[in-house]
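Remarks on the overall topology
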Amino acid sequence: MKIKELNPNQIITLNDYPVYNEHILKIFFKIFKEGYGKIIPPCLVIHKKLVIPVFNKNYNLKFKEFEKINLKAEYFLLDGSHKTTAATLTKNKIKVMIFENNKDIKEAKNLADIGELYNFTLPKTIKENIEILKKHFYRKKGFQTVENKTKRMIKEKAIPRYMIRS
């Protein structure tokens, strides 16, 4: 399992808009704004090369169109929408844990058991996680990066003003 820091234009986020829980976003925003983002566990991602092959022809075409505009987007977010948004709003890099195989997921589960990761509820296999992503994107009908989503939240004033001003 690899830990890496990414920019928001490198991560394809889930299409839950704006965020599921504004209160959690406020907490993460404060942590990042105060300079304590390094204590936050990494967001969980998987490389696009593992995900794209499961999309049908129509979605492969949609993704190719998305890639033309988002050249650096390489990783799909599995968990961490609030953290990625807060990091982006505060101009921080996004710490991620990259899942490449089932062993990585098992290691992450063990880290969650000792409190190093939060709320680890992902399935136990890469294949199951990819299937969940596929179903999500088929239902939500499109792709966006963390950067795209955050800019949209700012533009549409879907987050508190103090976050927009920062």
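This report concerns the structure included in the present document. Owing to the predicted nature of the structure, the values given are computational and were not obtained by experimental measurement.

**Things to note about helix α1 (residues 22–33)**
With 12 residues, α1 should reach 16 Å at 1.5 Å per residue; the first-to-last C-alpha distance of 16 Å fits that figure. Buried residues belonging to α1 abut α4 (81–89), α7 (146–155) and α8 (161–165). Following α1 by one or two positions, Gly35 has its phi on the positive side, about 90°.

**Section: unusual backbone geometry**
Residue Lys91 is not a glycine yet carries a positive backbone phi of 60°. In this fold, Lys91 is placed in the loop between α4 and β5 (94–99). With a phi close to 55°, Lys157 is a non-glycine residue in the positive phi region. Here Lys157 lies in the loop between α7 and α8. Given the relative accessible area of 62%, Lys157 is considered exposed.

**Brief notes about the packing of aromatic side chains**
In this structure the tally under the stated criterion is 14 aromatic pairs. Both rings, one in Phe63 and one in Phe143, keep their centres 5.1 Å apart while their planes meet at 85°; by these two values the pair is edge-to-face. With a gap of 80 residues between them, Phe63 in helix α3 (residues 57–69) and Phe143 in the loop between α6 (126–140) and α7 connect regions that are remote in the sequence. For Phe63, a relative accessible area of 1% gives the class buried. Since its relative accessible area comes to 14%, Phe143 is described here as buried. Aromatic ring contacts, followed pair by pair, group Phe55, Tyr59, Phe63, Phe66, Phe76, Phe137, Tyr138 and Phe143 into a single cluster.

**Remarks on the environment of Ser166**
One can find Ser166 in the segment after α8. Ser166 sits in the partly exposed class, given a relative accessible area of 27%. When the C-alpha atoms of Ser166 and Lys33 are compared, they prove to be 8.8 Å apart, with 133 residues separating the residues in sequence. Setting aside residues no more than four positions away along its own chain, Ser166 makes contact with Phe29, Lys33, Leu89 and Lys91.

**Section: the sheet that holds strand β4 (residues 75–79)**
Here 5 strands make up an open sheet; going across it, the order is β1-β5-β3-β4-β2 and the pairing mixed. One side of each edge strand has no neighbouring strand; the edge strands of this open sheet are β1 (2–6) and β2 (11–12). Two elements, strand β3 (residues 43–47) and β5, share 4 bridges in a ladder whose sense is parallel. Within the sheet, the bridge partner assigned to Val45 lies in β5 and is Ile98. Relative to the sheet, α6 contacts β2, β3, β4 and β5, its axis offset from that of β4 by approximately 100°.

**Topic: the packing of α4 against α7**
Their axes nearest at 10 Å, the elements α4 and α7 cross at an angle of 70°. Classed by the angle they form, the pair α4 and α7 counts as roughly perpendicular. Each of Ser81, Thr84, Thr85, Thr88 and Leu89 in α4 lies in contact with α7, whose residues at this interface are Val146, Lys149, Thr150, Met153 and Ile154. Here the residues of the contact of α4 with α7 sort into 4 nonpolar, 5 polar and 1 charged.

Calculation notes
Residues numbered from 1 in each chain as written. Predicted model: local features only at pLDDT ≥ 70, side-chain atom pairs only at ≥ 80, totals over all residues. Heavy atoms only, no water. Helix = DSSP H or I, 4+ residues; strand = E, 2+ residues; numbered from the N terminus. Expected span 1.5 Å × (residues − 1). Contact = heavy atoms within 4.5 Å. Buried < 20%, exposed > 50% of the residue type's maximum accessible area, 1.4 Å probe, protein only. Phe/Tyr/Trp six-rings, centres within 6.5 Å; stacked < 30°, edge-to-face > 60°. Pairing = 2+ DSSP bridges. Axes fitted to C-alpha atoms, helices over the stretch in contact; angles between N-to-C directions. Parallel < 35°, antiparallel > 145°, perpendicular 65-115°, else oblique. Nonpolar A, V, L, I, M, F, W, Y, C, P; charged D, E, K, R; others polar.

Treat this as a map of the structure, not an account of what it does.
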